[in-house]
Amino acid sequence: MTRYAKNKKQPTLAELETLAINTYLKGEYYDSKSIFEYLISIGSQNPEIYLLLAFILASSSSIKASFNVLQKSLLIKNLNSLQLQKIGHAMSSISQYKPAINVFEKALSLDPNNPKYYFDIGNCYKALSIFDFSIVSYLKALELDPFNTEALNNLGTLYLNLGRIDEAIKLFKKAILINPYFLNSLVNLSNSLLLHLNIKSSIRSSNIALSIKPNSFHAIISLANGYIKCEQFEKALYLLKSAIKLNPCSPEALYNLGDLYTQLKSYQLAEKCYKSALKFKPDFPDAKVQLIQCELHNSNWIMFEERIKWLKNLGLYGEPVIPWGLMILEDNPYNHLNRTRRFSLKNFPVSSLIVKFTPKKKIRIGYFSSTFYEQAGMVLYSRIFQLHDKNKFEIYAYNYYSNITDRYTKRVTEHVDVYRDLTSIGDLRAAQIAREDNLDIAVDLRGYTSRGRFGIFANKVAPIQIHYMGFAGTTGSECIDYLIADRTIIPENLRKYYTENILYMPLSYQCNDETKSISTTHYSRSQLNLPEDSFVFTCFNSPHKITPREFDVWMKLLRDIPNSVLWLLETSPLSKNNLFREAKNRYISDERIIFAKKLPLEEHLARHSCGNLFLDTFNYNAHTTASDALFSGMPLLTLIGNSFSARVGASVLSALNMPELIAHNISDYYQKAYLLATNKPTYQRIMLKLKISISESSFFDSHKFTRDLEDHYLHVYNHMLKT
């Protein structure tokens, strides 16, 4: 301040304050900063001086200094409520929410009936995730000013995040009724309606928003999501690309585009989108999970070791993530439990509703799935629908996603008492419909897998809720009472990693369809590009289950057994080329790996006769593909792990009394595979034993499995009767 000291006439405090503010308004922030600091040092009582200096400091990332200035501003005498509100807003802008709440409460003490201060307090509590206090504050603001559209919208978004979708929709509609041009509420209403699968209304709301502001980024994203839901993928693709043109650095838009490409199985394009999203938001857990999945689908292992490092925190701390995709990367039931529990608590809060239990002449069972068509799981359990004892059970089937109909759909619909289509109905209403059907037992067949709708079960559909098959692990949710497994899948020492009561099947948890037909087509190896005199190691698992750990062992087997090849399922040219590259890195030439084209199920089963030994993947075993191989007479070699997904192979082999094919470590896995491939008598003994086991074991006996399953249903039903 020496330049002012040289003046003959010293400027007054008011003149200096005016000079500082004018200097700031000219954009001369450095000069204004020094004047502001001088004014505060000589005891300026003008709140504007403190606020502007705090803003300059915050803009230069001096958050602590900015907060200290705001704290000093509170010492100014006779601050009015509006001045306090400005200080509170400044504190909120630098994420000092708790001190800001104190300031807003001080403003309230001066002006007790001002709804704006309650609104501000609600925003702070919302930012702090103290939702109960936030709701109370917003409701008080609306009590004093029912036409406060911002409060209506913010309370609506809070309800939306808490899963209270119906209440959120009412608030957004009220805000729009007050102000039909309120863009935020129009977009939020669109997103809420989409969660209720009211797709037409959601699209309508997005289009209204876009008529108000054609380049509204969030409205474009919302409309794209609506078109994705009704599978108008070209429109969605155009919109998401438009959104990215408007905001090329938006990680959310890039992530959404990646998800669309994933749905379209364009994994290479999806991979690029997720990488771009992570470039702009390095700590984006969902993008990390999806990137891992895409890289596995593409057999792109270049960054595999780096991805493994992510597992230390991913989904275990911070934001929960979909747990399913990470099971392939690690065999750790403790981590699987923690991820599913955190994911469930965040995304599927369990309703406090108690579903009434009404005894009936027949036990009413409801099966819920998105895959009542030819899909791996349905191929296994469609036979159960045919075999249920209709004298004891009344069977309902609820399709909550797919519009696909085929022979498996027909098989289900013809053998259930009631088949309901819930594809265009939201989770809450779907649960209400199921409750109106007065079910005794509800069976979830998808869990957290793709196109599962766990929210239906979180909203309660029956007094007894069971998970089976779809998700290979614990759901981690208190809404699921029972999990169907067996004592190989969940032995007593691993029981602690499951939140459900376990219903233990006598042999294997896996059901089967003994009526599956194998084509009479006789395939020769030459027809399938397989060498006639080679030992054919086989793995018909999806490539996303294959990691470098398995591949290292498989390539060592090929190196050590010159007269051998590996027969894999072909899914995409990119995956195929990447696997060729990985093989070359392990000194194996392309001709040693043969890829099988996709065939109809009956033909696929028939060609198994050309393979010798199915090599199972480790952390996520073969499921349906395991029983397909064994049903076709091909032995399966598995490595038993600790997690549900890593013990499925051992489960089916134990059911067939084939413990010799269960390895207990990687070295054992290699040694067993090597012996079977190089010792013909040993291999022939295994083939003979497998043939006898298939004929003698009840593993493929669908009738027995269904009776055993029904015994469990009767047990839990009778237990409910007693309680």
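Throughout, residues of each chain are indexed from 1 in the direction in which the sequence is written. Since the coordinates come from a predicted model, pLDDT governs what is reported: local features require at least 70, and pairs of side-chain atoms require 80 or more to be given and counted, while whole-chain, interface and lining totals use all residues. Excluded from the side-chain calculation are hydrogens and water; included are all heavy atoms of the structure.

Novice: Looking at this structure, I do not really get helix 30 (residues 666-678). What am I missing?
Specialist: Residues lying three or four places apart along an α-helix face the same way, a consequence of the helix completing one turn every 3.6 residues. Strands are runs of DSSP state E lasting at least two residues, helices are runs of H or I lasting at least four, and both sets are numbered from the N terminus onward. An expected span of 1.5 Å times one less than the residue number is assigned to each helix. Across its 13 residues, helix 30 extends 18 Å between first and last C-alpha, which sits within 8% of the 18 Å expected from 1.5 Å per residue. Buried means the residue's accessible area, taken with a 1.4 Å probe over protein chains only, is under 20% of the maximum for its type, while exposed means over 50%, and partly exposed covers the values in between. Y669, Y670, A673, L676 and A677 are the residues of helix 30 that are buried. Buried residues of helix 30, viewed axially, fall in a sector of 135°; they line one side. Between two residues, a contact is recorded if the distance between any of their heavy atoms is within 4.5 Å. Here the buried face of helix 30 lies against strand 8 (535-539), helix 25 (548-560), strand 11 (613-615), strand 12 (636-639), strand 13 (662-663) and helix 31 (680-696). The directions considered for the arc run from the helix axis to the C-beta atoms.

Novice: Any chance you could explain the environment of P573 here in plain terms?
Specialist: Turning to its location among the elements, P573 is positioned in helix 26 (residues 573-585). Between the alpha carbons of P573 and N298 there is a distance of 8.9 Å; along the sequence they are 275 residues apart.

Novice: When you look at a nonpolar patch on the surface in this model, what are you seeing that I'm missing?
Specialist: In this analysis, a patch consists of residues with relative accessible area above 30% that form no salt bridge, clustered at 9 Å for like charges and at 5 Å for the nonpolar side chains Val, Leu, Ile, Met, Phe, Trp and Tyr. In these tables, accessible area is a Shrake-Rupley quantity obtained with a 1.4 Å probe, and a residue counts as shielded only by the protein chains included in the view. Think of a salt bridge as a Lys or Arg side-chain nitrogen and an Asp or Glu carboxyl oxygen that are within 4 Å of each other. Residues Y181, I208 and I212 make up a contiguous nonpolar surface patch of roughly 300 Å² in combined accessible area. With respect to the helices, strands and loops of the structure, I208 is situated in helix 13 (residues 199-212). The class of I208 is partly exposed, set by a relative accessible area of 37%.

Novice: Help me understand the sheet that holds strand 3 (residues 418-421), please; the structure alone is not making it clear to me.
Specialist: Within a sheet, adjacent strands bond to each other through the backbone by hydrogen bonds, running parallel or antiparallel. When DSSP finds two or more bridges between two strands, those strands count as paired. The strand order across the open sheet formed by 7 strands is 3-2-1-4-5-6-7, and the pairing between neighbours is parallel. Each having just a single partner strand, strand 3 and strand 7 (501-504) make up the two edges of the open sheet. The mean inter-strand angle of the sheet, taken between neighbouring strand axes irrespective of direction, is 25°. With 4 bridges connecting them, strand 1 (residues 363-369) and strand 4 (residues 441-444) associate as parallel partners. What sits directly across from I365, in strand 4, is I441. Between N-to-C directions, angles span 0 to 180 degrees; the directions come from axes that are lines fitted to C-alpha atoms, helices contributing only their stretch in contact.

Novice: Looking at this model, I keep getting lost on the pattern of salt bridges. Mind explaining?
Specialist: Two side chains of opposite charge can pair, provided their charged atoms sit close to one another. Applying the stated criterion across every chain yields a total of 33 salt bridges. The shortest N-O distance in the salt bridge between R420 and D437 comes to 2.7 Å. Remark: D437 occurs in the loop between helix 23 (427-436) and strand 4 and R420 occurs in strand 3; sequence separation between them is 17 residues. Its relative accessible area of 8% is what places D437 among the buried residues. Here D552 ties to R586 by a salt bridge, and the two come within 2.6 Å at their closest N and O atoms. Pair noted here: D552 is in helix 25 and R586 is in the loop between helix 26 and strand 10 (593-596), with a separation of 34 residues, a long-range link. Classification of D552 as partly exposed rests on a relative accessible area of 40%.

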